[in-house]
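This is what each chain is made of:
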Amino acid sequence: MILLTTIIEKMSSIAGRIAGYLMIPLTLIVIYTIITRRFLHDAPDWGFEVPIFIYGVSILLAGAEVLRVKGHIAVDIIPRLLSPSWNKFFGIFAMLLVILVASFLIYRGSLMAIESTMIMEHSSHQSSFNPQIWWFKWFIPISGLLVWLQAWVEIYKIATGGSADDSSI
């Protein structure tokens, strides 16, 4: 079981790193678009939609890593007032809610991605760029699966008293 949790946490970590590295081309594209619009009075057609895709993929991929390193916003007043056993209960309950939401993302996201792929969906912004977006929709169920797996790892850590705050992977 420890090997499985390590593999899942490594996948979350890699996805988080990819999400972080995507900020480099995002920044460069935004700067390029601003410069060409401001000084050349001619922004590229793709300068609006490509950053949306990069940012969207980045946010979707970062979810599991944020859960792994406890980077999400949490109210810590209530746990201070509760006993350790109640903290375990509420921690597991919270992760079960995360699993429920992630399951919805996996199911509905898969349906959307399959339909989008079947029709080879294009952007609805009606620009001259008009890129295909079916590939982008696959990141919804993929990221949902990563969060779903990481939430199970968090439940395992809480239940076994493992190092729930270990973010060294």
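None of these values were measured; they are calculated from a predicted model. (Residues numbered from 1 in each chain as written. Predicted model: local features only at pLDDT ≥ 70, side-chain atom pairs only at ≥ 80, totals over all residues. Heavy atoms only, no water.)

(A) Here's a closer look at the overall build of the protein. Looking only at helices and strands, the protein has 7 helices and 0 strands in total. Counted from the first residue to the last, the protein has its helices and strands arranged as α-α-α-α-α-α-α. Its C-alpha radius of gyration of 20 Å places the protein more than 25% over the 15 Å reference for a compact globule of 169 residues. Viewed in the frame of its principal axes, the protein has a C-alpha envelope of about 65 × 35 × 30 Å. (Helix = DSSP H or I, 4+ residues; strand = E, 2+ residues; numbered from the N terminus. Rg over C-alpha atoms; globule rule 2.2 N^0.38 Å.)

(B) Inspection of helix α5 (residues 84-119) at higher detail. Under the 1.5 Å per step criterion, the end-to-end length of α5 is 52 Å for 36 residues, consistent within 8% with the ideal 52 Å. Of all the residues in α5, the buried ones are G91, M95, I99, A102, G109, S110, A113 and S116. Among the structural elements, α3 (49-68), α6 (134-137) and α7 (139-160) are those in contact with the buried residues of α5. Directly after α5, the chain includes M120, whose backbone phi takes a positive value near 50 degrees. (Expected span 1.5 Å × (residues − 1). Buried < 20%, exposed > 50% of the residue type's maximum accessible area, 1.4 Å probe, protein only. Contact = heavy atoms within 4.5 Å.)

(C) Quick look at the environment of E65. Considering the arrangement of structural elements, one finds E65 in helix α3. Residues E65 and F129 lie 64 residues apart in sequence; the distance between their C-alpha atoms is 33 Å. Not counting residues within four places of it along the chain, the set of residues in contact with E65 comprises S12, S13 and G16.

(D) Representation of the nonpolar core within the structure. One finds L61, L67, M95, L146, V147 and A151 to be the most contacted residues of the largest nonpolar core, which totals 17 residues. Look past the residues within four positions of V147 in its chain and what remains in contact with it is G63, A64, L67, V98 and A102. (Core = buried A, V, L, I, M, F, W, Y, C linked by side-chain atoms within 4.5 Å.)

(E) Structural detail: the side chain of Q150. Within the secondary structure, Q150 sits in helix α7. One polar contact links Q150 to E154, side chain to side chain, over a distance of 2.8 Å. Beyond its immediate sequence surroundings of up to four residues, Q150 is in contact with I8, E9, S12, A64, L67 and R68. (Polar contact = N/O pair within 3.5 Å; in protein donor to acceptor, adjacent residues only side chain to side chain.)

(F) Geometry of the pattern of salt bridges. According to the stated counting rule, one finds 5 salt bridges in the structure shown. Among the ionic pairs, R68 bridges to E65, the shortest N-O distance being 2.8 Å. In this pair, R68 and E65 both sit in helix α3, 3 residues apart, roughly one turn of the helix. For E65, a relative accessible area of 16% corresponds to the buried category. Between E154 and K70 there is a salt bridge whose closest N-O contact spans 2.5 Å. Highlighted residues: E154 in helix α7 and K70 in the loop between α3 and α4 (77-81), separated in sequence by 84 residues. (Salt bridge = Lys/Arg side-chain N within 4 Å of Asp/Glu carboxyl O.)

By themselves, these figures tell us nothing about what the structure is for.
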